[in-house]
Amino acid sequence: MTEATLQTGTFAVFWATLRRDLLLAVRHRAEMVNPLVFFLIAITLIPLGVSPESKTLAAIAPGLIWVMALLATLLSLDGLFRSDFEDGSLEQMLIGPQPLYFTVLAKVMVHWLVTGLPLTLMSPLLGVMLALPSGGYGPLCITLLLGTASMSLIGAVGAALTVALRKGGLLLSLIVMPLYVPVLIFGASAVHNAVLGSVINSQLAVLGAFLALAVVLAPLAAAGALRVSSDG
Amino acid sequence: MAWQWFHRLGSPRWFYEKTQAWLPWLTVVTLTLLIVGTVWGLAFAPVDAKQGNSYRIIYIHVPAAFLALAGYYIMAISGAVGLIWKMKLPYMVMKSAAPIGAALTFISLVTGSIWGKPTWGTWWEWDARITSMLILFFLYLGIMALQQAFHSRDTGDKAGAILALVGTVNIPIIYKSVDWWYTLHQPASIKFVGESTIHASMLYPLLAMVIAFYCFYALVLLLYTRAEILRRESRTQWVSDLVAQQVSSDNKDIPVKGGSTI
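Notes on the structure in this doc start here.

With 24 residues of chain A at the interface, the matching set in chain B holds 23 residues. When chain A packs against chain B, close to 1,900 Å² is buried across both sides, 88% of that on carbon and sulfur atoms. When residues of chain A are sorted by the area they lose upon contact with chain B, Leu 161, Leu 179 and Val 228 of chain A head the list and together hold 26% of the total. On the surface where chain A and chain B come into contact, there are zero salt bridges. Scanning the region where chain A abuts chain B turns up zero residue pairs in polar contact (both at pLDDT 80 or more). Among the secondary structure elements, those contributing two or more residues to the side of chain A that touches chain B are helix 8 (137–162), helix 9 (169–196) and helix 10 (201–231) of chain A. Per-class residue counts for the side of chain A that touches chain B are 19 nonpolar, four polar and one charged.

In this section: the packing of aromatic side chains. Within this structure, the stated rule accounts for 13 aromatic pairs over all chains. Taking the centre distance of 5.6 Å and the plane angle of 55 degrees together, the rings of Tyr 16 of chain B and Trp 238 of chain B count as tilted. Of this pair, Tyr 16 of chain B sits in helix 2 (residues 12–44) while Trp 238 of chain B sits in helix 8 (residues 237–253), and the two are 222 residues apart along the sequence. Each of the two residues, Tyr 16 of chain B as well as Trp 238 of chain B, counts as buried. Ring geometry for Phe 137 of chain B against Phe 138 of chain B: centres 6.5 Å apart, planes inclined by 40 degrees, an arrangement best described as tilted. A residue is classified by how much of its surface remains accessible, and Phe 138 of chain B, at 40% relative accessible area, is partly exposed. Through pairs of rings, three or more aromatic residues link up here, namely Phe 11, Phe 14, Trp 15, Tyr 101 and Phe 102 of chain A. Arg 226 of chain B extends its terminal NZ or CZ atom over the ring of Tyr 16 of chain B, reaching a point 4.1 Å from the ring centre.

Definitions and limits used
Residues numbered from 1 in each chain as written. Chains lettered and ligands numbered in written order. Predicted model: local features only at pLDDT ≥ 70, side-chain atom pairs only at ≥ 80, totals over all residues. Heavy atoms only, no water. Contact = heavy atoms within 4.5 Å. Buried area = accessible area lost by both parts, 1.4 Å probe. Salt bridge = Lys/Arg side-chain N within 4 Å of Asp/Glu carboxyl O. Polar contact = N/O pair within 3.5 Å; in protein donor to acceptor, adjacent residues only side chain to side chain. Helix = DSSP H or I, 4+ residues; strand = E, 2+ residues; numbered from the N terminus. Nonpolar A, V, L, I, M, F, W, Y, C, P; charged D, E, K, R; others polar. Phe/Tyr/Trp six-rings, centres within 6.5 Å; stacked < 30°, edge-to-face > 60°. Buried < 20%, exposed > 50% of the residue type's maximum accessible area, 1.4 Å probe, protein only. Lys NZ or Arg CZ within 6 Å of the ring centre and 35° of its normal.

Following this line, the structure appears as structure tokens:
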């Protein structure tokens, strides 16, 4: 490695990682679509299993869409560091001179762009399927936008911890789900309250605070976890 | 000089030998407090005006819930100490604290639901405190599962410590979020600042039980950690010496009936 590449700036690495991972995601379109299809199928099961009556569905729609979005995010987390770990590029990132924080942040951003954002964009459609009252659409999109970003960040810690395990998928869900509880509570209750017609500024503020906290802390914890995982 | 004990504490062998002397004392204190607290609470404390005798489960429920939470922080702090100073002993403490904490969380959930049936008329309620305790239980289970998932014990220890630390950030958030969500549980009756809403005749046995549970926790944690030390250091000289000594003294005692092995 020459002197020039060693001195590549932190942000250059950040953008390079972002570009590379986005490109990888676009080349593997099928993997990208899987969480979305899961989201759609799981929501379809609800009217079949619970009740097709629009009144019942409308009452549970905000929570249901949120829970399903959470599960769909969980499903996609396992791949976050897996392929990089297996082909050895993760080790190159670990020994690079640039802070691992920004590399992890870039990878998490890509994860959100290819799962969280499409899930959010798809949620109004599912709202229609579940007869969500009209006041709920805007809040549903805004809370999912903030919430899925937090969930990608928190999930990255779990993904980093389990990356070295061959069958880490189930364990990953087990350790990450309890950490998702606050996001779920505030996200779902904001949509509920919006449907009932009350102001939801406070819930949105809390969700924003979670996101801010997660941006600062989660990549640090994930970077530490990656160093631990790649040791063993 | 004054800090020497702290440095020595990092040595599993020193810890093992030192705590040997504490065990009998701690056992006596724990048993005494447990007996005193139980008898006082169950037999002598007055009957509650509203809840009758059913409130008496408080003498197990509240101390167990206290220790379930405190135990999480003990586990997370020892994990942090292990990560920061790269010592062996804190990881052994952390490994031992996880199942004890999970058990205490489970006890507080079960006693809470037994208490809930006569007072609220339901075994389970999605109330803020209960839900946050249930999630704490899940956090414990996750840490235990993660620790055991790795082939390398070292990696498992460090991964568990990181997860425990992430959980410490989350516990207050969970606690607050479920609190704002929906609540039925009575507010805290014991306050360290200001006047407690619980009568002194009921409070004192409860405090005795809380202290008894703290001693019990310390005792169990010591025993678990000592077992973990022996397991992890089983290839070292001092452990094989210890085992040889134990075996020879056991053999010596067989012909002498009633001889003490200690």
